[in-house]
Amino acid sequence: MLRILLAEDDAAMRAYLQRALEKADYSVVAVDRGTAALPLLQADHFDLLLTDIVMPEMDGIELAQHCGRLSPATKVMFITGFAAVTLKAEQAAPSARVLSKPFHLKDLVLEVDRVFARGTFAQSL
């Protein structure tokens with residue numbers, strides 16, 4: 001089972017995303033900030049880091065940069081509600097995907113499926 005580390009500071013959004021991804025047969029570990037994700041990246045393997053860009057303590061871009069050093073095989077996908085930070089994210093991690101809020105859960109699952117080039121389970125949402 002593919003493993004996703006989800007870093008999202010909004011509790012309701014974090015729970016919403018985690019449920020959708022688990023329903024699509026992904027294993028998800030969710031944290032509320034980037035600094036909580038770092039020790040997990042050091043200690044365990046994740047196939048994808050799915051991170052909000054704007055978070056307190058450590059933003060998603062800085063987290064993605066740490067991820068690149070700690071776990072270079074881990075793919076990165078950003079989620080953001082701020083169009084202005086999208087360009088900054090694309091410059092910091094050119095191979096990462098950026099999904100802008102608001103989005104439908106099936107769109108999130110489709111994008112994650114595309115990252116792994118696997119068949120989608122979005123129709124079950």
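Conventions adopted
- Residues numbered from 1 in each chain as written.
- Predicted model: local features only at pLDDT ≥ 70, side-chain atom pairs only at ≥ 80, totals over all residues.
- Heavy atoms only, no water.
- Helix = DSSP H or I, 4+ residues; strand = E, 2+ residues; numbered from the N terminus.
- Buried < 20%, exposed > 50% of the residue type's maximum accessible area, 1.4 Å probe, protein only.
- Contact = heavy atoms within 4.5 Å.
- Areas by Shrake-Rupley, 256 points an atom, 1.4 Å probe, with all protein chains shown as cover.
- Phe/Tyr/Trp six-rings, centres within 6.5 Å; stacked < 30°, edge-to-face > 60°.
- Lys NZ or Arg CZ within 6 Å of the ring centre and 35° of its normal.

Enquirer: Any chance you could explain the overall build of the protein here in plain terms?
Expert: Looking only at helices and strands, the protein has five helices and five strands in total. In sequence order, the secondary structure elements of the protein are arranged as β-α-β-α-β-α-β-α-β-α. A total of 125 residues make up the protein; the buried ones form 45% of that total. Looking at the protein alone, contacts between residues at least 24 apart form 61% of all its contacts between residues at least 6 apart. Accessible surface, the protein: about 6200 Å² in total, of which carbon and sulfur atoms supply 54%.

Enquirer: Explain the packing of aromatic side chains to me, please; I cannot follow it from the model alone.
Expert: Aromatic rings considered in pairs are described by the distance between their centres and by the relative angle of their planes. If you walk through the whole model with that rule in mind, you get one aromatic pair. When the ring of Tyr26 is compared with that of Phe116, the centres are 5.9 Å apart and the planes differ by 35°; the resulting orientation is tilted. Of this pair, Tyr26 sits in the loop between α1 (11-23) and β2 (27-31) while Phe116 sits in helix α5 (residues 105-116); the two residues are 90 residues apart in sequence, bridging distant segments of the chain. Its relative accessible area of 2% is what places Tyr26 among the buried residues. In this arrangement the basic side chain of Arg3 is found over the ring face of Phe46, its NZ or CZ atom lying 4.5 Å from the centre.

Enquirer: For this particular structure, what's the right way to read unusual backbone geometry?
Expert: Keep in mind that most residues, glycine aside, have a negative phi and that most peptide bonds are trans. In this model, Lys101 is joined to Pro102 through a cis peptide bond whose omega is -5°. Its place among the elements puts Pro102 in the loop between β5 (97-100) and α5. With a phi close to 70°, Asp25 is a non-glycine residue in the positive phi region. Looking at where Asp25 falls in the secondary structure, it is placed in the loop between α1 and β2.

Just distances and angles here, no functional claims.
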